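So you can see what is in the structure, the chains are spelled out below.
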Amino acid sequence: MLRLQTIICTFSVLSVAARADFKARNCSEVREACVGKGFSFAHVPLQEIPGDHLRVCPQGSTCCTQEMEDTFGQQSKQDFENLIDEISHELRSTFVARHKRFDEFFLELLENTERSLNEMFVRTYGKPYMQNSEVFENLFAELKRYYTGGNVNLEEMLNDFWSRLLERMFTLLNSQYVITEDYLECISKYTDQLKPFGDVPRKLKAQVTRAFIAARTFVQGLSVGREVAQRVSSTPACIRALTKMLYCPFCQGTPAMKPCKNYCLNVVKGCLANQADLDPEWNLYIGKLEGPFNIESVMEPIDVKISEAIMNMQDNSAQVSYMVRQLCFFHKESKSNTSDRLLESKLKGNYRVVDIKEKLKLSKKFWSNLPEAMCVEDRVTAGNASDEECWNGHTKGRYFPEVQKDGLTHQVNNPEVVVDITRPDTLIRQQIMALRVMTNKLKNAYNGNDIYFQDSSDEGSGSGSGSGCTEVCPTDVDVAATEGPVVEADRSGPVDDSAPLSAPSLALATMLALSALALHRQWR
């Protein structure tokens, strides 16, 4: 008994001595660190005080008041979001810049094609073309409207263009006759059977639909990536763990102490548990953005294709006229002619698309690599310089718990962040679905399929990508509805007999046709 009393007495003396020594330590470093970080607390203890009031940091003697701990909690959330913003800035900038560059490139490609067609047809057909140029203007206007998100059915719009073109050409080639509206409707009705333009409409339809589906889907895909990359949120449990990791060293009187790397990894993996689940779909999505298609090659010159179609109608005029007579009870033979030219900037466009894909390739595994990126030395942690000289969540020393794997289900035993693995984050699930839908769209687009996109959002936004996109672009566009333009032919009467196309010489027509074909082969 006497021996026990002696031990207790000795322990009490040591405890009193320890407390006396402990009270001698002040909080001057903490005060200076708080000022350096811009905190303006009403009161920072001169010396450590009892920490019974603390709810996050270890209790016991502390340099923190309740106000300080609460402020540290708010600052932890801000620091975390700022750090993610810093790391993801380059990724988001890549999507924004590439979206803009591709958008400019494709619209320039389209404008150059329209300009090329207009110059060639003005030079070749003159007044008759200018009198009917709205047929071509409407074609390019509808193509642009489709690309920028309009509800346009490409297949029906192109069918309508060829029907209108047939009506106008037939009227010009038979200008000495008064062509009635009913007669033109009959000709238009049998366009597929007459095949006045040969196989060009079928080939051009495949080419244009593939190019425009791929282009619009690609630029929408860039918008999806940007939206996913800029949305990260924190849970209360995450903020609590961040506060403990980043600011509890202040309360311990050691504000300069950095967290151990493995400790940081567990905290960040717990905070980004849901985001890590984006990675599988994200990688597939990036893989599709790198896809196998070549926009420029499928955007071969539309002007030359249409000119080739017009020559086909010339060459087949006798057969077409005969079939028209059989189907619509009328006969008149004539000829037409065409000319040259192609669009520019193909090499520049190819460089742009390749550059975009190379930059995007670097963003694979972004979400699973994010914890490592955040916990690098000098950014948050003490690095690997010394496992004993870092903050382990309780004191200075080695961090022993095992680092958790990535993803929500792997955080069930996370020692630092309480994660409810039974309740996935709704926003992240929506983003995963958006990536999945866009990946599928890209896959279909590269195969030239699925013109009719199904809008994956309930709102059914009416605007797509294109040059009008500024902040957050809609990711899905419903183009199932058809709003093809109705291009009415000029049926007011016969065209002036003096028009160049009404009675061309055979020699001139032959020379122009051969020139156009030669140029066409040269560019192919």
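The structure we're discussing is the one just above.
Keep in mind the model is a prediction, meaning the values are calculated, not measured.

Here's the deal with the state of the cysteines
- Under the counting rule described, the total for this entry stands at six disulfides.
- Between the sulfur atoms of Cys 238 and its disulfide partner Cys 271 the distance amounts to 2.0 Å. Across the S-S bond linking Cys 238 and Cys 271, the dihedral sits near 105 degrees, which makes this disulfide right-handed. Taken as a pair, Cys 238 in helix 10 (residues 236-246) and Cys 271 in helix 12 (residues 261-271) lie far apart in primary sequence, 33 residues in all. Pair check on accessibility: Cys 238 and Cys 271 agree, each one buried.

What to know about the side chain of Thr 94
- For Thr 94, the position within the fold is in helix 3 (residues 66-125).
- Contacts of Thr 94, omitting those with residues within four sequence positions, involve Lys 359 and Leu 360.

Overview of the packing of aromatic side chains
- If you walk through the whole model with that rule in mind, you get 26 aromatic pairs.
- Between the aromatic rings of Phe 39 and Tyr 247, the centroid separation amounts to 6.0 Å while the plane-to-plane angle is 80 degrees, which identifies the pairing as edge-to-face. Taken together, the residues span a long stretch of sequence, with Phe 39 in the loop between helix 2 (28-36) and strand 1 (49-50) and Tyr 247 in the loop between helix 10 and helix 11 (248-251) at a distance of 208 residues. The two residues Phe 39 and Tyr 247 agree in class, both being buried.
- A ring pair is formed by Tyr 247 and Phe 250, whose centres lie 5.3 Å apart and whose planes are at 50 degrees; its orientation type is tilted. Neither residue differs from the other here; Tyr 247 and Phe 250 are each classed as buried.
- Each residue in the set Phe 121, Tyr 125, Tyr 129, Phe 136, Phe 161, Trp 162 and Phe 197 is aromatic and connected to the rest through ring pairs, giving one cluster.

Calculation criteria
Residues numbered from 1 in each chain as written. Predicted model: local features only at pLDDT ≥ 70, side-chain atom pairs only at ≥ 80, totals over all residues. Heavy atoms only, no water. Disulfide = S-S within 2.5 Å. Helix = DSSP H or I, 4+ residues; strand = E, 2+ residues; numbered from the N terminus. Buried < 20%, exposed > 50% of the residue type's maximum accessible area, 1.4 Å probe, protein only. Contact = heavy atoms within 4.5 Å. Phe/Tyr/Trp six-rings, centres within 6.5 Å; stacked < 30°, edge-to-face > 60°.

These results come straight from atomic positions and should not be treated as a statement about function.
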